[in-house]
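# Reading the structure
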Amino acid sequence: MSAVQKPIGIYFEHPEWFKPLFAELDRRGLPYEKIDAAHHLFNPSEKESRYSLVVNRMSSSAYLRGHGQGIFHTAGYATHLERIGTRIINGSVATSIETNKARQLSLFESLGLKYPASRVINHASRAVDAARELRFPIVVKVNIGGSGAGIIRFDTIEGLQAAVDANQIDLGIDQTALVQEYVTPRGGNIHRVETLDGKFLYAMKVYTTGESFNLCPAEICQIPEEQSAEFCLTEAPKKGIQVEAFTPPAEVIAAVERIVAAAKIDVGGIEYLIDDRTGDVLFYDINALSNFVADAVNVVGFDPYARFVDYLETQLPAAVPAAVQVELATA
């Protein structure tokens, strides 16, 4: 008696990042459909999804490619899937944390974890007031970023005031931003810890030039702007960016696992740095979009996409035998 399995829905927006995922699904013969997150519709009255499982791979940097509407649409779609009982990888809670840096800071605070001193503003006119409470240099960082976009450094309050007066401060697509102390990372490197199913998967050190202030190693922003805001950590080894696998201290791994548990992130990365002034571990970004590193077998010793699809298979509902489906349809 053959079993019928609905396809896995891969909900994504970036045209290149997930080719290794599709290749692994193809290799295993798992049925799946690509869902265009940038041009999507759903019926809120439906009682059952056409998908056995939906994998949410929406990117916060989508607005850089003209697809910012997908960021906000995803929140409603994830809530809908959860209501009708469809398993979604990185659901509504993970989405709400991924797309809101202010929420991320609140989560760090609730867990007793350190992060760069920050203030949250919703109008550029308050940037100077916020900066007066901080130590310069500071950065203004948009609430919904991605690919390191929307981060500007100011070394003096006069420079910040001049930018405000010239209407040069853009708070991004939700008009909310962090005013945050700029922290020099010890050793010139930042850290990305990848997790899967709530557990440590691997970690990397990403060595920066110090010439950029866009700290988001998941999308390797520490590069000159002319190299393109689209450049991602998946391409880092190919582009000559120094990336080194390492194992963080046990207390950092434990903290990361607490973060992903609180954020309900099934697969994702947490970024942190070591403050060169104090030696403190400072967490600064929660990223529910894990594209994994290029040449992973050589960089980290295994293929994370194979592990990811292993996990997806454990999340699939049991297939309903075809004969039972016929009986249910004719009952």
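Reference entry: report on the structure contained in this document. These numbers were taken from a predicted model, which means no experiment stands behind them.

Cut-offs applied
Residues numbered from 1 in each chain as written. Predicted model: local features only at pLDDT ≥ 70, side-chain atom pairs only at ≥ 80, totals over all residues. Heavy atoms only, no water. Helix = DSSP H or I, 4+ residues; strand = E, 2+ residues; numbered from the N terminus. Buried < 20%, exposed > 50% of the residue type's maximum accessible area, 1.4 Å probe, protein only. Contact = heavy atoms within 4.5 Å. Areas by Shrake-Rupley, 256 points an atom, 1.4 Å probe, with all protein chains shown as cover. Arc of directions from axis to C-beta. Pairing = 2+ DSSP bridges. Axes fitted to C-alpha atoms, helices over the stretch in contact; angles between N-to-C directions.

## As for the overall build of the protein
- Check the secondary structure of the protein and you find eleven helices and 15 strands.
- Considering the protein as a whole, with its 331 residues, one finds that 53% of them fall into the buried category.
- Nonlocal contacts in the protein, meaning residues at least 24 apart in sequence, comprise 72% of its contacts between residues at least 6 apart.
- A total of about 14600 Å² of accessible surface is found on the protein, and carbon and sulfur atoms cover 51% of it.

## Here we look at helix H6 (residues 157-165)
- By the burial criterion, the buried members of H6 are Leu160, Ala163 and Val164. Along the long axis of H6, the arc covered by the buried residues comes to 100°, so they all point the same way. For H6, the exposed residues lying more than 90 degrees away from the buried face are Glu158 and Asp165.
- In this structure, the buried side of H6 is in contact with helix H5 (127-132), strand S7 (138-142) and strand S8 (151-154).
- Just downstream of H6, Asn167 is the residue with a positive phi angle, here 60°.

## Focus: the pairing of strand S13 (residues 267-274)
- The buried fraction of S13 amounts to eight of the eight residues, a majority that puts the element mostly inside the structure.
- Alternating residues of S13 divide into Val267, Gly269, Glu271 and Leu273 and Gly268, Ile270, Tyr272 and Ile274, and every residue in both groups is buried.
- Pairing of strand S10 (residues 189-196) with S13, which is carried by six bridges, proceeds in the antiparallel orientation. By the bridge assignment, Leu196 is partnered in S13 with Val267.
- Where S13 meets strand S14 (residues 281-287), six bridges bridge the pair, whose relative direction is antiparallel. By the bridge assignment for S14, Leu273 is matched with Leu282.
- Two successive antiparallel strands, S13 and S14, enclose a turn made up of six residues, where Gly279 displays a positive phi of approximately 80°.

## Some points on the sheet that holds strand S11 (residues 199-207)
- Strands sit in the order S12-S11-S10-S13-S14 across an open sheet of five strands; the sheet is antiparallel. Either end of the sheet is taken by a strand with one partner, and the two such strands are strand S12 (243-246) and S14. Ignoring which end each strand starts from, the neighbouring axes of this sheet average 25° apart.
- Relative to S12, S11 is paired through four bridges, and the arrangement is antiparallel. Counted as the bridge partner of Met204 is Ala245 from S12.
- Seen against the sheet, helix H8 (residues 250-263) touches S10, S11, S13 and S14 and runs at an angle of roughly 35° to S14.

## Some details on the pairing of S11
- Examined bridge by bridge, S10 and S11 share eight bridges and lie antiparallel to one another. By the bridge assignment, Asn189 is partnered in S11 with Tyr207.
- The antiparallel hairpin formed by S10 and S11 contains two residues in its connecting segment, where Asp197 sits at a positive phi of about 55°.

## Concerning unusual backbone geometry
- The peptide bond linking Phe136 to Pro137 adopts the cis configuration, its omega dihedral lying at 0°.
- In this fold, Pro137 is placed in the loop between H5 and S7.
- Even without glycine at this site, Asn90 takes up a positive phi of about 60°.
- Note that Asn90 resides in the loop between strand S5 (88-89) and helix H3 (92-98).
- Residue classification places Asn90 among the buried positions, given a relative accessible area of 1%.
- At Asn167, a position not held by glycine, the phi torsion is positive, near 60°.
- Inspection of the secondary structure assignment puts Asn167 in the loop between H6 and strand S9 (177-181).
- The exposed category is assigned to Asn167, whose relative accessible area is 65%.

Keep in mind that these numbers describe shape and distance, not what the molecule does.
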